[in-house]
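Observations on the three-dimensional arrangement
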Amino acid sequence: MIKKIICFAATVFFILISARTEAQQKTYCNPINIDYGYTPIPNFAEQGKHRATADPVIVLYKDKYFLFSTNQWGYWWSNDMLNWKFIPRKFLKPDAHVYDELCAPAVAVLHDTMIVIGSTYTEAFPLWMSTNPTVDDWKYATDSFKVGAWDPAFLADDDDRLYIYFGSSNVYPTYGQEINRKTFQPIGERVPLLHLNDTIHGWERFGEYHDNTFLQPFIEGSWMTKYHNKYYLQYGAPGTEFSGYGDGVYVGDKPLGPFTYQKNNPFSYKPGGFTTGAGHGATYQDVNGNWWHVSTITINVKNNFERRIGIWPAGFDKDGVLFCNTAFGDYPHYLPAPSTQQGKNNDKKLNAPFQGGAFTGWMLLNYNKPVMVSSTYGNYEPNNAVDESIKTYWCAKTADMGEWIQSDFGAIDTVKAIQINYADQDADILGKSTTIYHQYKLYASSDGMTWQVIVDKSHNITDVPHDYVELAKPVLARYIKLENIHTADGKFAISGLRAFGIGNGDKPDTVKHFVALRGNSERRNCWLKWQLSNDAYAYNIYTGIAPDKLYTSIMVYNTNEYYFSAMERDMPYYFQIEAINENGVSARTQVIKVE
């Protein structure tokens, strides 16, 4: 009987394989798959040369998306938020003599013109402009921008007035200033706008768990969004190295304030999961008016500034509260639909991230499952590739053709997408390289003996460090095998070989005995505890300032407790939890309240 079942599954498997056709992907997965440059700063690479960028900005210009970020020697543009074309470009003057090429850039669209500037403390930094940014076609808006702003952001207001917001410090505040639209020089004095207050706002405390209070937290990464005549001044805190790096927001009636702290903060926050961190970002609309937030993902292994980029669904609720949905934030999500004139810039046609939203529902099939490999270098063990931490990785002894890694799901599941996250081991690049590439083949099998190619990138000539492939047709398989053909640089190393789809069993039951304990001695913290589920590998905790505003989510793996340290000192909080396995998600528990 067992042999008949295996034979039937294998037959279905090969029928599905043979029916595969190429199709345009409708989904993406964080970290986004762009050709991240390597750090250009030698002393940042002393523990190993590595890819690094952060502080992203995405703007929509003539129905195309433009992405700028730190130290990339250029920028990207895209028609669909999936396929990004890199445009090489150095924006600093040749005599600048610094490594920080366009660090933490500010970008704005002024009618038919895009303007760009990076961070600087000098007054001789150029502000650039272009009406044709899909190619390297830029000129000075002014060759000396007198503001001298670090971590800047622009607001082009509806009345044609222009403002800049800036600051990156654990001493000084965020500032704002008006800019003359004709001369691009400052009007009047800069205005202090925001300070951190970590004695009240728990998430603003410095440290990996908001507990390293030997150092004052940093306020940085300004961004301004205008929505329904309100001004949403966003900022990053408490430090880019930490999983709790997030974005908060203050709201005002005027572009230079005064501003009031939004109670739902941080609005962008992702301290758990394969990727962590969601700070220093930008909020933008897609071609249909749906809101998104792009922000920094932290790795922080080879250097504090080893980072990536993530894109999350976002929006404003009926009360004007800005939120960002990072639930399942590193699982497959749907891309924006193509532009429709009916939906474009229509505030009624928005994502509903908390009622189903952009998450596909495809689950991770191989968390902590058995792994086999061709070889292992040092202590970079095979199961590091399936432990759901981007900080750890398996590494083969070489980068030779034929090195491989194989993952066993333990059962025949329906595979819908694969993400291959390369790690940096023995890389030898400083700065941006546009000539490196990855090549590989990905196989699937239902029995571990008969294999079929499901992804063939043996002729790929692009750099895909976080390659995500949505299969044109689902595949029934128990095993997947990644075989190296060519590695971009260094040894063949994988921080995450992640298979997504639907398992063949039951969803987990609702979590039992969920409690939240908040003491009086430290009201910014809460200890969450629940009964460990035998049928779950992970949990999503949801929390917020009201039962209908549980906008913060935290994914935790293989544990039954979490110490939540990002609370407002003087406010009640509400919590729910759900269990996760290969087959789906449980019903959430009842909402519980802590005073």
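By convention here, each chain's residues receive numbers from 1 onward along its written sequence. The model is predicted, so local features are restricted to residues of pLDDT at least 70 and side-chain atom pairs to those at 80 or more, both for listing and for counting; the totals for chains, interfaces and linings are taken over all residues. Calculated side-chain values reflect all of the structure's heavy atoms, with hydrogen atoms and water omitted.

The next thing to look at is the overall build of the protein chain. Scanning the protein chain from N- to C-terminus turns up one helix and 38 strands. Radius of gyration means the value over C-alpha atoms here, while the globule rule gives 2.2 Å times the residue count to the 0.38 power. At 24 Å, the protein chain has a C-alpha radius of gyration in line with the 25 Å of a compact globule built from 595 residues. Taken along its principal axes, the extent of the C-alpha atoms in the protein chain is 80 × 55 × 50 Å. For the exposure calls, accessible area comes from a 1.4 Å probe over protein chains only, and a residue counts as buried if that area is under 20% of its type's maximum, exposed if over 50%, partly exposed in between. In the protein chain, which comprises 595 residues, the proportion classed as buried is 62%. Across the protein chain, the fraction of contacts at a sequence separation of at least 24, relative to all contacts at a separation of at least 6, is 65%. Taken as a whole, the protein chain presents about 23300 Å² of accessible surface, with 51% of it coming from carbon and sulfur. We count Lys and Arg on the positive side and Asp and Glu on the negative side, and we leave His and both chain ends out. Where a charge lies is defined by one atom per residue type, namely NZ (Lys), CZ (Arg), CG (Asp) and CD (Glu). Positive and negative charge centroids in the protein chain, built from 53 and 63 side chains respectively, lie 4 Å apart. Helix numbers and strand numbers start at the N terminus; a helix is a DSSP run of H or I with at least 4 residues, a strand a run of E with at least 2. Note on definitions: a residue-residue contact is assigned when non-hydrogen atoms from the two residues lie within 4.5 Å. Under the convention used here, a 1.4 Å probe and the Shrake-Rupley method define accessible areas, while residue burial counts only the protein chains that appear.

Right, let's talk about the environment of alanine 587 for a bit. Turning to its location among the elements, alanine 587 is positioned in the loop between strand E37 (584-585) and strand E38 (592-594). Sequence separation between alanine 587 and isoleucine 577 is 10 residues, and the spatial gap between their C-alpha atoms is 8.7 Å. Contacts of alanine 587, omitting those with residues within four sequence positions, involve Thr510, Ile577 and Glu578.

Before going further, it helps to examine the pattern of salt bridges. Pairing is possible between side chains that carry opposite charge, provided their charged atoms lie close to one another. When a carboxyl oxygen of Asp or Glu is within 4 Å of a side-chain nitrogen of Lys or Arg, the pair counts as a salt bridge. If you walk through the whole model with that rule in mind, you get 27 salt bridges. For the salt bridge of aspartate 319 with lysine 318, the shortest nitrogen-to-oxygen distance reads 3.3 Å. Aspartate 467 serves as the salt-bridge partner of lysine 457, at 2.8 Å between the closest nitrogen and oxygen. Residue lysine 457 is found in strand E28 (residues 452-457), and its partner aspartate 467 is found in strand E29 (residues 466-486); the two are separated by 10 residues along the sequence. Aspartate 467 sits in the buried class, given a relative accessible area of 2%.

By the criterion of burial, strand E15 (residues 230-237) is predominantly enclosed, with seven of the eight residues buried. One bridge is not enough; two strands pair if DSSP finds at least two bridges between them. When strand E14 (residues 220-227) meets E15, the two strands line up antiparallel, connected through six bridges. Directly across from threonine 225, in E15, lies its bridge partner tyrosine 232. Joining the antiparallel neighbours E14 and E15 is a turn of two residues, in which histidine 228 adopts a positive phi near 50 degrees. Across seven bridges, the pairing between E15 and strand E16 (residues 246-252) is antiparallel. Each bridged residue has a counterpart across the sheet, and for alanine 237 the counterpart in E16 is glycine 246.

Bringing the confidence of the model for the protein chain into the picture now. Confidence scores per residue from the predictor, reported as pLDDT, run from 0 to 100. Taken as a whole, the protein chain shows an average pLDDT of 93; of its residues, 93% reach a score of 70 or greater. Across residues 1-22 the pLDDT falls below 50, and counting only partners more than four positions away or on other chains, this stretch makes 26 contacts in the model. Low confidence marks residues 341-356, where pLDDT is under 50. Its contacts with residues over four positions away, or in another chain, come to 35 contacts.

With that settled, consider a nonpolar patch on the surface. Side chains of Val515, Leu517, Trp527 and Tyr563 sit close together on the surface and give an oily, nonpolar patch of about 380 Å² of accessible area. Here tryptophan 527 is to be found in strand E32 (residues 526-529). Residue classification places tryptophan 527 among the partly exposed residues on the basis of a relative accessible area of 35%. Note that patches include only residues with greater than 30% relative accessible area and no salt bridge, and the join distances are 9 Å for like charges and 5 Å for nonpolar side chains (Val, Leu, Ile, Met, Phe, Trp, Tyr).

Taken in spatial order, the three strands of this open sheet run E31-E32-E35, and their pairing is antiparallel. Since the sheet does not close on itself, it has two edges, and those belong to strand E31 (515-517) and strand E35 (561-564), each with one partner. On average, each strand axis in the sheet is tilted by 20 degrees relative to the strand beside it, whichever way the strands run. For helices, the axis comes from a line fit to the C-alpha atoms of the stretch in contact; other axes are also lines fit to C-alpha atoms, and the angle between any two N-to-C directions lies between 0 and 180 degrees.

Quick look at the nonpolar core now. Among the buried residues, those of types Ala, Val, Leu, Ile, Met, Phe, Trp, Tyr and Cys that are joined through side-chain atoms within 4.5 Å form a nonpolar core. Core analysis: the biggest nonpolar cluster contains 38 residues, and Leu528, Trp530, Phe564 and Phe575 have the highest contact counts within it. When neighbours within four sequence positions are excluded, phenylalanine 564 is seen to be in contact with Tyr269, Arg524, Asn525, Cys526, Leu528, Thr543, Ile554, Tyr573 and Phe575. Membership of the second largest hydrophobic core comes to 37 residues, among which are Val57, Trp76, Met81 and Phe91.

This part covers the side chain of asparagine 265. If you trace the backbone, asparagine 265 turns up in the loop between strand E17 (259-261) and strand E18 (276-285). Its relative accessible area of 4% is what places asparagine 265 among the buried residues. Polar contact criterion, stated in full: a pair of N or O atoms within 3.5 Å, where within protein one must be able to donate a hydrogen and the other to accept it, and residues adjacent in sequence count only if both atoms are side-chain atoms. A distance of 3.0 Å separates a polar side-chain atom of asparagine 265 from the backbone oxygen of valine 249. Here the side chain of asparagine 265 touches glutamine 262 through a polar contact of 2.8 Å, landing on its backbone oxygen. Contact partners of asparagine 265, with chain neighbours within four places excluded, come to Trp203, Asp247, Gly248, Val249, Ala566, Glu568 and Tyr573.

Here the residue pair asparagine 30 and proline 31 is connected by a cis peptide bond, since its omega of 0 degrees sits within 30 degrees of zero. Relative to the helices and strands, proline 31 is located in the loop between strand E1 (27-28) and strand E2 (57-61). Residue proline 258 is reached from glycine 257 by a cis peptide bond, and omega for that bond is 10 degrees. Here proline 258 is to be found in the loop between E16 and E17. Of note in this structure, asparagine 229 is not a glycine but carries a positive phi near 65 degrees. Tracing the chain through its elements places asparagine 229 in the loop between E14 and E15. Asparagine 229 gets classed as exposed once you look at its relative accessible area, which sits at 58%. The residue histidine 280 is not glycine, and still its phi comes out positive at about 45 degrees. On the secondary structure map, histidine 280 appears in strand E18.

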